Amino acid sequence: MWSVAVVSIFVFQNQKDNRNSSPACGATVRRRHWDPGSPTTEYIYCRALRSLLGRSCGSTAQLSCEAKNPREREREMAMAEVDHLAAERATARFDVEEMKVAWAGSRHAVHVADRMARLVASDPVFRKDNRTMLSRKELFKDTLRKAAHAWKRIVELRLTEEEANLLRQYVDQPGYVDLHWGMFVPAIKGQGTEEQQQKWLPLAYKFQIIGCYAQTELGHGSNVQGLETTATFDPKTDEFVIHSPTLTSSKWWPGGLGKASTHAVVYARLITEGKDYGIHGFIVQLRSLEDHSPLPGVTLGDIGGKFGSGAYNSMDNGVLRFDHVRIPRDQMLMRLSQVTREGKYVHSNVPKQLLYGTMVYVRQSIVADASKALSRAVCIAVRYSAVRKQFGSQDGGPETQVLNYKTQQSRLFPLLASAYAFRFVGDWLNWLYTDVTQKLEAKDFSTLQEAHACTAGLKAVTTSVTADAIEECRKLCGGHGYLNSSGLPELFAVYVPACTYEGDNIVLLLQVARILMKTVSQLASGKQPVGTMAYMGKVQYLMQCKSAVNSAEDWLNPAAIQEAFEARALRMAVNCAQNISQAASQEEGFYERSPDLLEAAVAHIQLIIVTKFIEKVQQDIPGHGVKEQLQTLCNVYALYILHKHLGDFLVTGCITPRQGALANEQLGKLYAQVRPSAVALVDAFNYTDHYLGSVLGRYDGDVYPALYEEAWKDPLNETVVPEGYHEYLRPLIKQQQLKLSRL
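Bear in mind the structure is a predicted one, so any value in this text is a computation, not a measurement.

### Side note on the overall build of the chain
Okay, so step 1: Secondary structure assignment for the chain yields 25 helices and 14 strands.
Okay, so step 2: A burial count over the chain gives 53% of its 743 residues as buried.
Okay, so step 3: For the chain, long-range pairs separated by at least 24 residues make up 73% of all intrachain contacts whose partners lie at least 6 apart in sequence.

Structure, rendered in structure tokens:
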């Protein structure tokens, strides 16, 4: 029998002198037959890597086997060739490798992501298949271990910032490092002076201090101006006194605060010379750098378990209270304003608008994360829908693949298109961040309001859609989607907070609506809107235009789609502005019409997403069939939004009921075009099985043995007879047996 199976995986390790090389990977599987009467057989093949990491080493990877025993060689090859989705991949109408480039943005991005994903997947420390079974304490310790090991690997391999960020992404476990790099460091960069950056950033870069971002309080979240924590300047000692005057002023929710962070950027009301100057940031040490104990006057801890198993429970979201804690004056972040030694509040000559650059960066990353989370859920649902078969068998023949049912396609393919749409609008936001930063440095604030509107709105729309879509993908996977091993429950639980953090989505959309109303009010003066609001400058045309669509195929014209979406967004905004103008006051009108304003804001943001998708597919995109497939997905996304919000388009008179019916007819045809390439389209996301974390979404489609195997890993199955049997079950059963015997 086979008694030894040694698998050696060779993953390209980054070297300083060869950062852009493509990954060299292979796997050696040696199986030795210990029967004295048989020769030793050794096989070397690459496909074993696929079974471990989730895909073949490349589209051209070939099986190379040498065997002294042909019969054993044949059996081993059969084992290596298991791919239940091979037939699906064979029907793809485009070059998958080129689609990976279109998704990632460049060949370099594909290669770097591939190397980092494989590096994580091949490291046993980063195992995560047991995460939902760990207790909260075990999970947090596991998070600390993974974060420390990730840092060790980053240092050992001398990874670039790009590579290090990707490695942390593929570790795929929320932890204190997310807030350290994502909020603490950017806050010091954006709000600290040159001197403060020189002092604090080197410590943060080397993890000699661990930071978090302490803004939200128990009583205030979205209303930042309502924060209650105070920072009162004491000119006698040249110090600020940080204090939590009420229970509701307790800092509440900051990630990394509960157990890990040594420092925080704390937001508090600056008070000097008896005057309140509003909210400012301060660098405050929380814990000793010797033994990690809280410093005098600091009370802090974890706020408790959160929604789901595993998921965001790996993060130590914290509570923090200050009892007159003193810090040096120079620990106020002073790039925009400062307090002098005498206690005078002074503005610097740095424009406060520069802070918007950081805001755009954070929101861009959130939109990018939305496309990642949505694409993971869609990848799982598409692959499983192709494997799963139900009903439709005739005379004992095969059942129908669930993915072939039109109802499944109409629910799943719009989500697939949305994943690509969000990816491309996220890429555009990355460009916008660079553009806004350059303009801010040149003291050009002309596009700032528009940039705020589109980033706030895109954060709100993409996160809300993604959260709902993950749950929809769970339902699309039937009962098995409810299992933790499907990966979908944890993915939903870990993602859904995105709808609230960095701005509640409803609040953000109302901010977008305010800017829309301001823009509409300025149209009469002749002031031309800019950027993503430039279409409003065509107000006279868009308010009276009629769609020229006469056939279902006419809806494949990008100009027809663009015009319909522009007219809908503008007319909804103008209608809101007209209704508000009839109210007793502008604020009262805004309050009364807030539900309509939300819909107008969503229409504007959906127009942006559609526009950026159209612009993407109009570019020169290399690769056989890639551009055509993206064009199909673009049309699916646009016509699905039109179908879902058909009432908006009809009520505003942008299209007729017949044109709406034609759009729906064309949408059904587009689903049929997507079907042959569906599995290949999710393969283009290039996710390893480790990162995907789902038995249903396995690359090889070998779902049912994996489900069965996962079931036996549950701690409940460690014993055949359950704990508690003798205390509770046995007495109950025996009692019933006694009653029956008396009868």
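### Digging into the pattern of salt bridges
Okay, so step 1: Tallied over the entire structure, the rule returns 40 salt bridges.
Okay, so step 2: Residues K538 and E566 are paired through a salt bridge, measuring 2.8 Å at the closest nitrogen-oxygen approach. One end of the pair, K538, is in the loop between α14 (505-523) and α15 (539-542); the other, E566, is in helix α16 (residues 558-581), and 28 residues separate them in sequence.
Okay, so step 3: Here E566 falls in the buried class, since its relative accessible area comes to 9%.
Okay, so step 4: Here D596 and R593 are joined by a salt bridge, their closest N and O atoms 3.4 Å apart.
Okay, so step 5: Residues participating in the shared-partner salt-bridge network are K128, R131, D172, R376 and E490.

### Concerning helix α18 (residues 594-617)
Okay, so step 1: Compared with an ideal rise of 1.5 Å per residue, which puts 24 residues at 34 Å, α18 spans 35 Å between its outermost C-alpha atoms and is within 8% of the ideal.
Okay, so step 2: Counting buried positions over the 24 residues of α18 gives 19, a clear majority of the element.

### Let's talk about the pairing of strand β4 (residues 211-214)
Okay, so step 1: By the alternation rule, side chains of β4 split into G211 and Y213 and C212 and A214, which are all buried.
Okay, so step 2: Here four bridges tie β4 to strand β8 (residues 263-272), and the two strands are oriented parallel to one another. Looking at β8, one finds that A214 is bridged to V266.

### Thoughts on the pairing of β8
Okay, so step 1: Judged by how many residues are buried, β8 sits mostly within the fold: nine of ten residues are covered.
Okay, so step 2: Judged from the three bridges that link them, strand β5 (residues 230-234) and β8 form a sheet pairing that is parallel. For T230, the partnering residue across the bridge sits in β8 and is R269.
Okay, so step 3: With nine bridges connecting them, β8 and strand β9 (residues 275-285) associate as antiparallel partners. The residue of β9 that forms the bridge with A264 is V284.
Okay, so step 4: Taking the residues between adjacent antiparallel strands as the criterion, β8 and β9 are bridged by two residues, where E273 takes a positive phi near 55 degrees.

### Concerning the packing of aromatic side chains
Working definition: an aromatic ring pair is given by the centre-to-centre distance plus the angle between the planes.
Okay, so step 1: According to the stated counting rule, one finds 22 aromatic pairs in the structure shown.
Okay, so step 2: Taking the centre distance of 5.0 Å and the plane angle of 50 degrees together, the rings of Y213 and Y267 count as tilted. In this pair, Y213 sits in strand β4 while Y267 sits in strand β8, placing the two residues 54 residues apart along the sequence.
Okay, so step 3: Centre to centre, the rings of Y708 and W712 are 6.0 Å apart; their planes meet at 70 degrees, and the pair counts as edge-to-face. This pair shows no difference in class: Y708 is exposed, exactly as W712 is.
Okay, so step 4: Grouping aromatic residues by their ring pairs yields a cluster made of W103, Y170, Y420, F424, F613, F685, Y687 and Y691.
Okay, so step 5: A cation over a ring is seen here: R89 above Y699, with NZ or CZ 3.7 Å from the ring centre.

### Points about the confidence of the model for the chain
Okay, so step 1: Here the chain averages 88 in pLDDT, and 88% of its residues register 70 or above.
Okay, so step 2: Note on residues 70-79: pLDDT under 50 across the span, and 13 contacts to partners over four residues away in sequence or across chains.

### What to know about unusual backbone geometry
Okay, so step 1: Positive phi, normally seen in glycine, also occurs at A311, with a value near 50 degrees.
Okay, so step 2: Take A311: it is sitting in the loop between β10 (298-302) and β11 (318-322).
Okay, so step 3: In the Ramachandran plot, H324 falls in the positive-phi region, its phi being about 50 degrees despite a non-glycine side chain.
Okay, so step 4: The residue H324 is located in the loop between β11 and β12 (325-328) in this model.

### Describing the sheet that holds β11
Strand pairing in a sheet takes place through backbone hydrogen bonds and is either antiparallel or parallel in direction.
Okay, so step 1: Within the open sheet, the three strands sit side by side as β7-β11-β10. Their pairing is antiparallel. Every other strand in the sheet has two partners, leaving β7 (251-252) and β10 as the edge strands with one partner each.
Okay, so step 2: The pairing of β7 with β11 spans two bridges and is classified as antiparallel. Its bridge partner lying in β11, W252 is registered against V319.

### Some thoughts on the nonpolar core
Okay, so step 1: In this structure, Y420, W555 and L630 are the most contacted members of the largest nonpolar core, which totals 152 residues.
Okay, so step 2: A per-element tally of this core places helix α11 (residues 406-441) first, with 16 residues.
Okay, so step 3: Leaving out residues up to four positions away in the same chain, W555 has contacts with S547, V549, A560, I561, A564, N635, L639, L642, I655, Q659, L662 and A663.
Okay, so step 4: C212, F240, L257 and V266 belong to the second-largest nonpolar core, a separate cluster that totals 24 residues.

### Quick look at the packing of α16 against α18
Okay, so step 1: Viewed as axis vectors pointing N to C, α16 and α18 meet at an angle of 160 degrees, and their least axial separation amounts to 9 Å. The orientation of α16 with respect to α18, classified from their angle, is roughly antiparallel. α16 and α18 meet at a crossing whose hand is left-handed. Each of P558, I561, Q562, F565, E566, R568, A569, M572, A573, C576 and I580 in α16 lies in contact with α18, whose residues at this interface are D596, L597, E599, A600, A603, H604, Q606, L607, V610, T611 and I614.
Okay, so step 2: Per-class residue counts for the contact of α16 with α18 are 14 nonpolar, four polar and four charged.

### Some points on the packing of helix α4 (residues 96-104) against α11
Okay, so step 1: As a packed pair, α4 and α11 sit with axes 9 Å apart at the nearest point and diverge in direction by 50 degrees. Here α4 lies oblique to α11, going by the angle between them. From α4, M99, A102, W103 and A104 reach across to α11, where they touch A419, Y420, R423 and F424.
Okay, so step 2: Residue composition of the contact of α4 with α11, grouped by class: seven nonpolar, no polar and one charged.

### Side note on the environment of A187
Okay, so step 1: Relative to the elements of secondary structure, A187 occurs in helix α8 (residues 176-191).
Okay, so step 2: In the structure, A187 is positioned 168 residues away from L355 in sequence and 9.3 Å away in space, judged by C-alpha atoms.
Okay, so step 3: In contact with A187, other than residues within four places in its own chain, are G192, Y213, V265, Y267 and L333.

### Examining the environment of V360
Okay, so step 1: Inspection of the secondary structure puts V360 in helix α10 (residues 355-387).
Okay, so step 2: Taking the relative accessible area as the measure of exposure, V360 reaches 1% and is therefore buried.
Okay, so step 3: Sequence separation between V360 and N430 is 70 residues, and the spatial gap between their C-alpha atoms is 8.7 Å.
Okay, so step 4: In contact with V360, not counting residues within four places along its chain, are Y433 and T455.

About the criteria used
- Residues numbered from 1 in each chain as written.
- Predicted model: local features only at pLDDT ≥ 70, side-chain atom pairs only at ≥ 80, totals over all residues.
- Heavy atoms only, no water.
- Helix = DSSP H or I, 4+ residues; strand = E, 2+ residues; numbered from the N terminus.
- Buried < 20%, exposed > 50% of the residue type's maximum accessible area, 1.4 Å probe, protein only.
- Contact = heavy atoms within 4.5 Å.
- Salt bridge = Lys/Arg side-chain N within 4 Å of Asp/Glu carboxyl O.
- Expected span 1.5 Å × (residues − 1).
- Pairing = 2+ DSSP bridges.
- Phe/Tyr/Trp six-rings, centres within 6.5 Å; stacked < 30°, edge-to-face > 60°.
- Lys NZ or Arg CZ within 6 Å of the ring centre and 35° of its normal.
- pLDDT = per-residue confidence, 0-100.
- Core = buried A, V, L, I, M, F, W, Y, C linked by side-chain atoms within 4.5 Å.
- Axes fitted to C-alpha atoms, helices over the stretch in contact; angles between N-to-C directions.
- Parallel < 35°, antiparallel > 145°, perpendicular 65-115°, else oblique.
- Left-handed = near helix turned anticlockwise from the far one by under 90°.
- Nonpolar A, V, L, I, M, F, W, Y, C, P; charged D, E, K, R; others polar.

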